[in-house]
Amino acid sequence: MSKTIEFGMDTFGDVTVGSDGQLLPQAQVIRNVLDEAVLADEVGVDFIGVGEHHRSDFAVSAPEVLLAGIATRTKRIKLGSAVTVLSSDDPIRVFERFSTVNALSNGRAEVILGRGSFTESFPLFGFKLNDYEALFEEKLDLFAALLTNGPVTWQGKMRPPLQDVTVYPQIETGKLSAWIGVGGSPESVIRSVRYSIPMTLAIIGGDPKRFLPFVDLYKRAQAQLGGDAMPLGVHSPGYVAETDEQAREELWPGYKAMHDRIGRERGWPATTKEGFLGEIERGSTYAGSPETVARKIAATVRALGADRFDLKYSSGTTSHEKMMKSIELYGTKVIPMVRELLAEKDEAA
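Residues numbered from 1 in each chain as written. Predicted model: local features only at pLDDT ≥ 70, side-chain atom pairs only at ≥ 80, totals over all residues. Heavy atoms only, no water.

(A) Region of interest: the layout of surface pockets. By volume, the largest pocket is sized at about 1200 Å³. Forming the boundary of the largest pocket are 50 residues, of which F12, S117, A202, I204 and H235 lie nearest the centre. Here the element with the most residues in the lining of the largest pocket is helix α8 (residues 244-266); it accounts for five residues. For the lining of the largest pocket, a count of residues per class yields 24 nonpolar, 16 polar and ten charged. What the second largest pocket holds in volume is close to 320 Å³. Elements with a contribution of two residues or more to the lining of the second largest pocket: β5 (109-114) and β8 (177-182). Residue classes in the lining of the second largest pocket are distributed as eight nonpolar, five polar and seven charged. (1 Å grid on protein atoms, 1.4 Å probe; cavity = no way out; pocket = protein on both sides within 12 Å on 5 of 7 lines; lining within 4 Å. Points joined across faces, edges and corners; volume = space filled by probe spheres on them. Helix = DSSP H or I, 4+ residues; strand = E, 2+ residues; numbered from the N terminus. Nonpolar A, V, L, I, M, F, W, Y, C, P; charged D, E, K, R; others polar.)

Here it is in C-alpha cells:
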C-alpha cells in the first residue's frame, strides 16, 4: 500500500433541521454546504463531492453552480459531483459547466457520472424511463469523446450527429478528471473500463468485501483491454464524533428519517435501531469515534485496494453544526490516523 490514497467527503445537500428543530429553507442548506466545503478544505480533506437531486429533501439540483461558488472560497480541495445524472442531461452542457468550474478552480474540477438512485429528473426534463439504459450508454459515449478536449466527430441515435465540433471552454492543461459511479453491476464495471473512465463504487450497505468480485473484474478487464491502470474509488456513508456512543446517538435520528422516507417510496420496511447498529458494526456505515472510523476505513481501503475513499457525511436531517464537527474530526484526526495505519501495514509487509 505504498500508493497515495485520497480521502474525500460527499453530500447530497440533505435538508437539515435548525436550532429550533424545524427544517431549514433549501437556500440556507446550500449556503451551509458551501461553509462545509470551506472547512473540509481547511482541515485537509482531498475532495468534496456534491450530489444532484430534484426533490424536496435534497437542496442541490445544480451541483456545478454550487461547486463554482466553492471554487472561489477554497484553495486546494478537489471539487466534483456525486453524481451528475448524465442520462437526463446534455453531455455537451455537462462538459461546458465542469470545464468552467475547472477554470475557476485552477484545475480542481472532477465530474462523477452516473444514472442516480432516483428517477425524478427523467419526467422533469422530458425523458422516458423506458430509455433509461439507452440514454446513459449513448450520452456516456459522447461525453467520453468530449474528454479528448479536441474536435469531436460523433454519431448516435438520440440526437443529431457532430462533425468536427470543439466544445468551449477547453481544458487549460491536461484533461477533465472524470469517474463513473457504479452501484454494483458487472455491466457498469466493464463500461467504466471500456471508456477508460475510472470507477467509484457506491457501497451503501452490507460488508464492503462483497464488492471484491467487482474489483477483480475491474482489474481483469483493464488487463485484457490494455491501457493505463485506472484508480478505484469507494463512496460510503459515515459520521464522526468524539466517542462511538455520541456518534450513534447523534446520527440515528437523521439516519432513520432519511431511510424511512425513501423506504416508504420504495416499499421497504421501517428502519430499525438494530439494523442501524448492524451497519455500523458489520456493514458500510463508518460511524464512531475518530479511532473507530479510521480503523474501519483503513480495513476497507486495504481489502479493496482503493485509491480514494469518500465519506458521505450528510445523513438526512442531521444538523449543519453536527456535520461541521464531523468534518473537522474527519480531516484533523481520521485521515491522519488512516494514513498511519496504512503505513504500518506497509512496513509490516
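(B) Local environment of the environment of A247. Along the chain, A247 falls in helix α8. The exposure class of A247 is buried, given its relative accessible area of 0%. Distance from A247 to A287, taken between C-alpha atoms, is 6.1 Å for residues 40 residues apart in sequence. Those residues in contact with A247, other than ones at most four positions away along the chain, are Y239, A241, A287 and G288. (Buried < 20%, exposed > 50% of the residue type's maximum accessible area, 1.4 Å probe, protein only. Contact = heavy atoms within 4.5 Å.)

(C) Highlighting the nonpolar core. Grouped together as the largest cluster of nonpolar side chains are 85 residues, with contacts concentrated most on F7, F143, L176, I297, F309 and Y330. The element best represented in this core is helix α11 (residues 320-348), accounting for eight residues. Leaving out residues up to four positions away in the same chain, F7 has contacts with V45, D46, F47, I297, F309, D310, Y330, I335, V338, R339 and L342. In this structure, A241, L251, F276 and A287 belong to the second largest nonpolar core, which totals nine residues. (Core = buried A, V, L, I, M, F, W, Y, C linked by side-chain atoms within 4.5 Å.)

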